[in-house]
Amino acid sequence: MSDLITHIKDSEFESEVLNSDVPVLVDFWATWCGPCKAIAPILDEVAKDYEGRLKIVKIDIDQNQKTAVNYSVRGVPTMMVFKGGKVEATKVGAVPKGQITQMVDGLL
């Protein structure tokens, strides 16, 4: 697990994501989700590659249902990039690193 990725709760979503000065990639995940575990090392790489320019946070949908419901998360993993408090891009499923970086590059 990377030091560059923060695990947050519903109560921290506003301060960590909506009020962030830099774009934030939010990984909605669950402990029982195999594809979520499969993309974890990819997100660690992305966190290193974009250090200082992009924040990555993970939120467990089982423990933090309010945020998942607010953003209509239907399946995990769901990754959303927030910029200026708004969702600017979304990817659902375990996608390759190139698709994640492509989504992020358009917003930096």
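In case you missed it, the structure is sitting above this.
Rules of the game
- Residues numbered from 1 in each chain as written.
- Predicted model: local features only at pLDDT ≥ 70, side-chain atom pairs only at ≥ 80, totals over all residues.
- Heavy atoms only, no water.
- Phe/Tyr/Trp six-rings, centres within 6.5 Å; stacked < 30°, edge-to-face > 60°.
- Helix = DSSP H or I, 4+ residues; strand = E, 2+ residues; numbered from the N terminus.
- Buried < 20%, exposed > 50% of the residue type's maximum accessible area, 1.4 Å probe, protein only.
- Salt bridge = Lys/Arg side-chain N within 4 Å of Asp/Glu carboxyl O.
- Polar contact = N/O pair within 3.5 Å; in protein donor to acceptor, adjacent residues only side chain to side chain.
- Contact = heavy atoms within 4.5 Å.

Caption draft 1: Examining the packing of aromatic side chains more closely. For the structure on display, the rule yields three aromatic pairs. With a centroid separation of 5.4 Å and an interplanar angle of 80°, the aromatic rings of F13 and F82 are classed as edge-to-face. You can see F13 sitting in helix α1 (residues 13–18) and its partner F82 sitting in strand β4 (residues 78–83), a full 69 residues away along the chain. The buried category is assigned to F13, whose relative accessible area is 4%. Judged by its relative accessible area of 1%, F82 is buried. Ring pairs connect the aromatic residues F13, Y71 and F82, which therefore count as one cluster.

Caption draft 2: Structural detail: the pattern of salt bridges. All chains considered together, the criterion is met by four salt bridges. The shortest N-O distance in the salt bridge between K55 and E16 comes to 3.3 Å. Taken together, the residues span a long stretch of sequence, with K55 in strand β3 (residues 55–60) and E16 in helix α1 at a distance of 39 residues. Where K58 meets D27, a salt bridge forms, and the shortest distance between an N and an O atom there is 2.9 Å. Of this pair, K58 sits in strand β3 while D27 sits in strand β2 (residues 24–29), and the two are 31 residues apart along the sequence. The pair formed by K58 and D27 is uniform in burial state, with each residue classed as buried.

Caption draft 3: Molecular detail of the side chain of S20. Looking at the secondary structure, you find S20 in the loop between α1 and β2. Overall, S20 belongs to the buried group, its relative accessible area being 16%. Within the structure, S20 has its side chain in polar contact with the backbone oxygen of V22 (distance 2.7 Å). Once residues lying within four places of it in the same chain are set aside, the contact partners of S20 are S15 and K55.

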